[in-house]
Amino acid sequence: MTVGDVRQAIIDRVERYFDSWRTGDIEARRRLFSPHGVLEDPVGSPPIEGSAALEAHWRHIASDGASFEPQLRRAIVAGHEALVLGLVKVLPTHGPAEIIEIHATVEFDRALEIRRLRFFHDDTCTHVVS
């Protein structure tokens, strides 16, 4: 694979991650991660590691009934890592919608599976939609 091929493959995988939230497809999201993949959301919280733990985490989020409309704004790829900027519109079952700015780092292994995904966001990143 050329550097350009790797870059495009990484961007495609980030877009597929966002799409999995839009469609609610937990299985598609899980397949993007290596079997020992790690998620920190947000950074500073306890890491979630491994396919079973990730799937349980996402099923817990899905049980709330909210829907998500993520939008990838930018991905900067360097080697097998990406810096991602996105917006996620959260449509809860009760209460107002919110837009969350997300900044993330994504590390990929040689098979281009997600090895580590770290989201950076705090209260200043969440905006209520009126």
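Refer to the structure presented above.
Scope of this entry: the structure provided in the associated data block. (Residues numbered from 1 in each chain as written. Predicted model: local features only at pLDDT ≥ 70, side-chain atom pairs only at ≥ 80, totals over all residues. Heavy atoms only, no water.)

Further remarks concern the nonpolar core. It is characteristic of soluble globular proteins that their nonpolar side chains tend to be buried jointly. The biggest cluster of nonpolar side chains holds 32 residues, and the ones touching the most others in it are Tyr17, Phe33, Trp58, Val84 and Leu117. Contributions of two or more residues to this core are made by helix 1 (3-23), strand 1 (33-40), helix 3 (51-62), strand 3 (67-78), strand 4 (81-91), strand 5 (98-108) and strand 6 (114-120). By residue number, the principal contributor to this core is helix 1, which donates eight residues. Other than its neighbours up to four places away in sequence, Trp58 contacts Tyr17, Trp21, Ile26, Arg29, Arg30, Phe33 and Leu39. (Core = buried A, V, L, I, M, F, W, Y, C linked by side-chain atoms within 4.5 Å. Buried < 20%, exposed > 50% of the residue type's maximum accessible area, 1.4 Å probe, protein only. Helix = DSSP H or I, 4+ residues; strand = E, 2+ residues; numbered from the N terminus. Contact = heavy atoms within 4.5 Å.)

Moving on, we get to empty space enclosed by the protein. Applying the stated criterion to the full structure yields one cavity of 30 Å³ or more. For the largest cavity, the calculated volume is near 70 Å³. Val14, Tyr17, Phe18, Val84, Ile102, Ala104, Val106, Ile114, Leu117 and Phe119 are the residues that line the largest cavity. Elements supplying a minimum of two residues to the lining of the largest cavity: helix 1, strand 5 and strand 6. The residue makeup of the lining of the largest cavity, split by class, is 10 nonpolar, no polar and no charged. (1 Å grid on protein atoms, 1.4 Å probe; cavity = no way out; pocket = protein on both sides within 12 Å on 5 of 7 lines; lining within 4 Å. Points joined across faces, edges and corners; volume = space filled by probe spheres on them. Nonpolar A, V, L, I, M, F, W, Y, C, P; charged D, E, K, R; others polar.)

With that out of the way, let us pick up the environment of Pro70. In this structure, Pro70 sits in strand 3. Overall, the relative accessible area of 7% leaves Pro70 in the buried class. A sequence separation of 14 residues divides Pro70 from Ala56, and the C-alpha atoms of the two residues are 21 Å apart. When neighbours within four sequence positions are excluded, Pro70 is seen to be in contact with Phe18, Trp21, Arg22, Leu87 and Val88.

This is a description of form; function is not addressed.
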